[in-house]
Amino acid sequence: MCPGTSLGLQMIHATFGAMIQCFDWKAGTDGNLTSVDMDEGLGLNLPRANSLVCIPVARIDPIPLPNQGKD
Ligand code: HEM
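Residues numbered from 1 in each chain as written. Predicted model: local features only at pLDDT ≥ 70, side-chain atom pairs only at ≥ 80, totals over all residues. Heavy atoms only, no water.

A. Main features of the overall build of the protein chain. The helix and strand tally for the protein chain stands at 1 helix and 2 strands. In the protein chain, the order of α-helices and β-strands from amino to carboxyl end is α-β-β. Here the protein chain has a C-alpha radius of gyration of 18 Å; the compact-globule value for 71 residues is 11 Å, and the former is much larger. Dimensions of the protein chain along its principal axes, counting C-alpha atoms only, are 60 × 40 × 15 Å. By residue count, 4% of the 71 residues in the protein chain fall in the buried class. Long-range pairs, those at least 24 residues apart, make up 62% of the contacts in the protein chain with a sequence separation of at least 6. Counting only carbon and sulfur atoms, one obtains 62% of the accessible surface of the protein chain, whose full area is about 6,400 Å². In the protein chain, which carries 4 positive and 7 negative side-chain charges, the distance between the mean positions of the two groups comes to 9 Å. (Helix = DSSP H or I, 4+ residues; strand = E, 2+ residues; numbered from the N terminus. Rg over C-alpha atoms; globule rule 2.2 N^0.38 Å. Buried < 20%, exposed > 50% of the residue type's maximum accessible area, 1.4 Å probe, protein only. Contact = heavy atoms within 4.5 Å. Areas by Shrake-Rupley, 256 points an atom, 1.4 Å probe, with all protein chains shown as cover. Lys, Arg positive; Asp, Glu negative; His and termini not counted. Charge placed at Lys NZ, Arg CZ, Asp CG, Glu CD.)

B. Spotlight on the site of the ligand. Inspection of the region around the ligand gives Met1, Cys2, Pro3, Gly4, Leu7, Gly8 and Ile12 as its neighbouring residues. Taken together, the residues that form the shell around the ligand break down as 5 nonpolar, 2 polar and no charged. (Near = heavy atom within 4 Å. Nonpolar A, V, L, I, M, F, W, Y, C, P; charged D, E, K, R; others polar.)

C. Structural context of the pattern of salt bridges. Per the stated rule, a full pass over the model turns up 1 salt bridge. Across the pair Arg59 and Asp24 runs a salt bridge, and its minimum N-O distance is 3.8 Å. A residue pair is termed long-range when its members are at least 10 positions apart, and Arg59 in the segment after β2 (54-58) and Asp24 in strand β1 (residues 23-27) qualify at 35 residues. Residue Asp24 is classed as partly exposed on the basis of its relative accessible area of 43%. (Salt bridge = Lys/Arg side-chain N within 4 Å of Asp/Glu carboxyl O.)

So, to be careful, I would describe these as geometric facts and stop short of saying anything about function.
Structure, rendered in structure tokens:
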């Protein structure tokens, strides 16, 4: 068995939470797609026919410093 199951399951939640809270996501290599290609490929776990490429755009200042931008 995998000894990292418990850590892995906790990290998935923390990681997805941070990805959703800290970034806006634009679709497409140029970030300009208005719809996502949902075509299905062949396989047992329903893979996408075409890879989905997303561009993260930071929406939270990661390190807010006191007096930032005031002097
Ligand atoms: C979502 C995250 C993870 C997934 C999906 C995953 C999946 C797996 C799978 C399928 C195996 C093979 C199990 C078997 O042979 O029956 C495995 C083994 C293993 N995993 Fe993970 N794992 C994850 C996270 C982690 C983490 C975070 C660690 C360490 C910190 C870790 C360490 C290990 C080790 C050392 C083995 C080998 C165990 C052995 O056969 O002696 N894994 N993992």
